[in-house]
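# Residue-level structural notes
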Amino acid sequence: MTNASENDLLIEEMMEAEKAPEPGTLHIKDILHRGDEDVPVPIVLGALESAGYAFLYDTKSGERSLTNRNMLQAQLKKTREDGSRVFTTRVPRDAKGKLIEPKRGAVKCLLHADGPNRAEYD
């Protein structure tokens, strides 16, 4: 259970959360169904409503992910076994103030367009 000051911090973080784009490919006026014998009229998307999405960052790895704003509070309350929070809406920093960035490799996929053997795989 969170105390009042922890709850205030969660509320502040939720309000400052960076807006993320809507996932998916649906747009208003998209044709969902062109009509057939069973449903003779076309169905066109007239409205698309969402709570919106926000970016979250893993506090240890720095990996960025996406969550629906309806789930934001629940995600921010998640904790690890040591009691530390799993997610934050702010780009995480270590104890010295340095940004925590996700680890990325330098090896390209064998199928990458710039790969030396790409023509062979084509």
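A few points on the structure. (Residues numbered from 1 in each chain as written. Predicted model: local features only at pLDDT ≥ 70, side-chain atom pairs only at ≥ 80, totals over all residues. Heavy atoms only, no water.)

### Looking at the side chain of Asn-68
Under the convention used in this document: Numbering goes from the N terminus for both helices and strands, where a helix is a DSSP run of H or I of at least four residues and a strand is a run of E of at least two. Note on contacts: a residue pair is in contact if any heavy atoms of the two residues lie within 4.5 Å.
Inspection of the secondary structure assignment puts Asn-68 in strand β5 (residues 64-68). Residues contacting Asn-68, with those up to four places away along its chain left out, are Ser-50, Ala-51, Gly-52 and Tyr-53.

### So, the nonpolar core
Going by this rule: The term nonpolar core refers to a set of buried residues drawn from Ala, Val, Leu, Ile, Met, Phe, Trp, Tyr and Cys, joined through side-chain atoms within 4.5 Å. Relative accessible area decides the class of each residue, using a 1.4 Å probe on protein chains only: under 20% of the type maximum gives buried, over 50% gives exposed, and in between gives partly exposed.
The biggest cluster of nonpolar side chains holds eight residues, and these are Leu-10, Ala-17, Ala-54, Leu-56, Leu-72, Leu-76, Val-86 and Phe-87. The set of elements that each furnish at least two residues to this core consists of β4 (53-58) and α2 (72-77). Those residues in contact with Leu-56, other than ones at most four positions away along the chain, are Glu-63, Arg-64, Ser-65, Thr-67, Leu-72, Gln-75, Leu-76, Phe-87, Thr-88 and Thr-89.

### Focus on the pattern of salt bridges
To keep it simple, the criterion reads: When a carboxyl oxygen of Asp or Glu lies within 4 Å of a side-chain nitrogen of Lys or Arg, that pair is called a salt bridge.
Counted by the stated rule, this structure contains eight salt bridges. Notably, a salt bridge pairs Glu-13 with Arg-85, separated by 2.9 Å at the nearest N-O pair. Residue Glu-13 is located in helix α1 (residues 4-16), and its partner Arg-85 is located in the loop between α2 and β6 (87-88); the two are separated by 72 residues in the primary sequence. On the basis of relative accessibility, which here comes to 30%, the residue Arg-85 falls in the partly exposed class. Here Glu-63 makes a salt bridge to Arg-104, at a shortest N to O gap of 2.8 Å. Here Arg-104 lies in the loop between β6 and α3 (118-121) and Glu-63 lies in the loop between β4 and β5, a separation of 41 residues in the sequence.

### Considerations on the side chain of Asp-58
Note the threshold: Polar contact is the term for a pair of N or O atoms within 3.5 Å; when the atoms are in protein, one must be able to donate a hydrogen and the other to accept it, and sequence-neighboring residues count only if both atoms are side-chain atoms.
Here Asp-58 shows up in strand β4. Here Arg-80 takes part through its side chain, which lies 2.8 Å from a polar atom of the side chain of Asp-58. The residues touching Asp-58, leaving out its near neighbours within four places in the chain, are Glu-63, Arg-80, Val-86, Phe-87 and Pro-92.

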